[in-house]
Amino acid sequence: MYIRGDHAEAVVGGRLDVRSAADARTVLHSAVDDGVGDLVLDLSELDSWDATGLGVIMGVHRRAGRCGRRLVLRGVPPQMQRLLVATRLHRILAFEDAVAAPSQPRV
């Protein structure tokens, strides 16, 4: 896992999982604490995440809110979009490009 960027925009790549969660949390919390305005988190280079990685994203979202900031996700890969929709987190998180709920079959 790697994170590059600053307190306004960061790119997360590789795997965000239990092994990388502590490092990711430290870097992203620092980015939240050191900036103002939206923190854009580009996930287009992210290969995968597990429940722990998703927990890191939600923790950063909550921390940003407490600091008067907003976490905005960009470039969420399709398989991760499906997970966010399935868990209804797409209703809580902000997205630069809209994440739409899957279309329902017509009856």
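Here the residue numbers are simple positions, counted from 1 along each chain's written sequence. Local features in this predicted model are restricted to residues of pLDDT 70 or higher, and side-chain atom pairs are both shown and tallied only at a pLDDT of 80 or more, whereas totals for entire chains, interfaces and linings draw on every residue. With hydrogens and water set aside, each side-chain value is computed from the structure's full complement of heavy atoms.

Concerning the nonpolar core
Buried Ala, Val, Leu, Ile, Met, Phe, Trp, Tyr and Cys residues form a nonpolar core when they are joined through side-chain atoms within 4.5 Å. Relative accessibility thresholds used throughout: buried, under 20% of the residue-type maximum; exposed, over 50%; partly exposed, between the two (1.4 Å probe, protein chains only). Leu41, Leu43, Trp49, Leu73 and Leu84 are the most contacted members of the largest nonpolar core, which totals 27 residues. Looking at which element gives the most residues to this core, the answer is helix H2 (residues 51-66), with 6 residues. If near-sequence neighbours (up to four positions away) are discounted, Leu73 is found in contact with Leu41, Leu43, Ile57, Leu84, Leu93, Ala94, Phe95, Glu96 and Asp97. Secondary structure elements are taken from DSSP: a helix is a run of H or I of four residues or more, a strand is a run of E of two residues or more, and numbering for both begins at the N terminus. By definition in these notes, contact holds between two residues if any of their heavy atoms fall within 4.5 Å.

As for the pattern of salt bridges
When a carboxyl oxygen of Asp or Glu lies within 4 Å of a side-chain nitrogen of Lys or Arg, that pair is called a salt bridge. What the rule picks out here adds up to 7 salt bridges. Note that Arg74 is salt-bridged to Glu9, the shortest N-O span being 2.8 Å. Linking Arg74 in strand S4 (residues 70-74) with Glu9 in strand S2 (residues 9-16), this pair joins segments that are 65 residues apart in sequence. For Arg63, the salt bridge identified is with Asp33, shortest N-O distance 2.8 Å. You can see Arg63 sitting in helix H2 and its partner Asp33 sitting in helix H1 (residues 21-34), a full 30 residues away along the chain. Exposure remark for Arg63: the relative accessible area of 23% places this residue in the partly exposed category. The network of salt bridges with shared partners includes Glu9, Arg74 and Glu96.

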